[in-house]
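A look at the structure
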Amino acid sequence: LLDDFEDADGDEPAQIEFAQRVCDEWRVHSRLERELFYPAVRRALGEGAARRLDDAQSDHGAIDALIASVEVGDPSDARFHAQVRALGTCIGRHVAAEESQLFALARESGLDLRALGAALQARREALLADMGLDPEVVLEDLEDDEAATDAR
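Residues numbered from 1 in each chain as written. Predicted model: local features only at pLDDT ≥ 70, side-chain atom pairs only at ≥ 80, totals over all residues. Heavy atoms only, no water.

Turning our eyes to something else, we now look at the overall build of the protein chain. Scanning the protein chain from N- to C-terminus turns up 6 helices and 0 strands. Secondary structure of the protein chain in N-to-C order comes out as α-α-α-α-α-α. A burial count over the protein chain gives 32% of its 152 residues as buried. Long-range contacts, defined here as pairs at least 24 residues apart, represent 67% of the contacts in the protein chain between residues at least 6 apart. Summed over its atoms, the accessible surface of the protein chain is roughly 8,700 Å², and 51% of this surface lies on carbon and sulfur atoms. (Helix = DSSP H or I, 4+ residues; strand = E, 2+ residues; numbered from the N terminus. Buried < 20%, exposed > 50% of the residue type's maximum accessible area, 1.4 Å probe, protein only. Contact = heavy atoms within 4.5 Å. Areas by Shrake-Rupley, 256 points an atom, 1.4 Å probe, with all protein chains shown as cover.)

As structure tokens, then:
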């Protein structure tokens, strides 16, 4: 979505749409982690994961603040583009830290990852539907992006 935002340079309506989708996807991601993923990891690992979970949750606050700025921003203002890029950088760092640290801890924890994954997917679909977004369309867009990344 962030690449699509950059590619739409000069097309303000498209940029607004891509920026809003980034914000929407983040909200879903954040809710899933706070409601399901972080509590499950915390229960499974106890205090051994507390610092990493606290750091990840701290990232959420910074990203939420950037999202608030993006949502009231003006795409004709250069600061808007800088805010969207900063948002992308923060989200990228957050995801990389989770993939390299928290996911490894979750795999080692003995959690039933299949059950957790199914619960996350079901909740994701419900959140998207509550937001008026079609989970299938969002999923297709993500699969198209993954296929393009794999081709590169």
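As a further point, take the nonpolar core. Ranked by size, the top nonpolar core spans 16 residues in total, and within it Val70 and Leu87 carry the most contacts. Examining the composition of this core, we find that 6 residues originate from one element, helix H2 (residues 12-45), more than from any other. Not counting residues within four places of it along the chain, the set of residues in contact with Leu87 comprises Val22, Cys23, Ile63, Leu66, Ile67 and Val70. The next biggest cluster of nonpolar side chains, apart from the first, holds 11 residues, and it includes Ala40, Ala56, Leu105 and Leu116. (Core = buried A, V, L, I, M, F, W, Y, C linked by side-chain atoms within 4.5 Å.)

Geometrically, a pair of aromatic rings is defined through the distance of the ring centres and the angle of the planes. The final tally for this structure, using the stated rule, is 3 aromatic pairs. Measuring from ring centre to ring centre gives 5.9 Å for Phe5 and Phe80, while their planes differ by 55°; the resulting arrangement is tilted. Note that Phe5 is positioned in helix H1 (residues 2-7) and Phe80 in helix H4 (residues 78-108), a separation of 75 residues in sequence. Look at Phe80 and you get buried, because its relative accessible area is 3%. With a centroid separation of 6.0 Å and 55° between ring planes, the pair formed by Phe37 and Tyr38 is classed as tilted. Since its relative accessible area comes to 1%, Tyr38 is described here as buried. (Phe/Tyr/Trp six-rings, centres within 6.5 Å; stacked < 30°, edge-to-face > 60°.)

This part takes up the pattern of salt bridges. Taken as a whole and judged by the stated rule, the model has 9 salt bridges. Note that Glu35 is salt-bridged to Arg123, the shortest N-O span being 2.7 Å. Linking Glu35 in helix H2 with Arg123 in helix H5 (residues 113-130), this pair joins segments that are 88 residues apart in sequence. For Arg123, a relative accessible area of 23% puts it in the partly exposed group. Here Asp55 and Arg51 are joined by a salt bridge, their closest N and O atoms 3.5 Å apart. Here Arg51 and Asp55 lie together in helix H3 (residues 50-72), a separation of 4 residues that amounts to about one turn. Among the charged side chains, a network of salt bridges with common partners joins Asp24, Arg27 and Glu71. (Salt bridge = Lys/Arg side-chain N within 4 Å of Asp/Glu carboxyl O.)

Position of Glu98 among the secondary structure elements: in helix H4. Among buried charged residues, Glu98 stands out as having no salt bridge; its nearest opposite-charge side chain is Arg34, 11 Å away. Within the structure, the side chain of Glu98 is placed 2.9 Å from the side chain of His94, a separation counted as a polar contact. Setting aside residues no more than four positions away along its own chain, Glu98 makes contact with His29, Glu33, Tyr38, Ala56 and Phe103. (Lys, Arg positive; Asp, Glu negative; His and termini not counted. Polar contact = N/O pair within 3.5 Å; in protein donor to acceptor, adjacent residues only side chain to side chain.)

This paragraph deals with the packing of H3 against H4. Between H3 and H4, the least distance of the axes is 10 Å, while the angle of their chain directions is 160°. Relative to H4, the element H3 lies roughly antiparallel. Crossing geometry of H3 relative to H4 is assigned as left-handed. Listed contacts from H4 to Arg52, Leu53, Ala56, Asp59, His60, Ile63, Leu66, Ile67, Ser69 and Val70 of H3 are Phe80, Gln83, Val84, Ala86, Leu87, Cys90, Ile91, His94, Glu98, Gln101, Leu102 and Leu105. For the contact of H3 with H4, the per-class residue count stands at 14 nonpolar, 5 polar and 3 charged. (Axes fitted to C-alpha atoms, helices over the stretch in contact; angles between N-to-C directions. Parallel < 35°, antiparallel > 145°, perpendicular 65-115°, else oblique. Left-handed = near helix turned anticlockwise from the far one by under 90°. Nonpolar A, V, L, I, M, F, W, Y, C, P; charged D, E, K, R; others polar.)

Take it as geometry only, folks, not as evidence of what the structure does.
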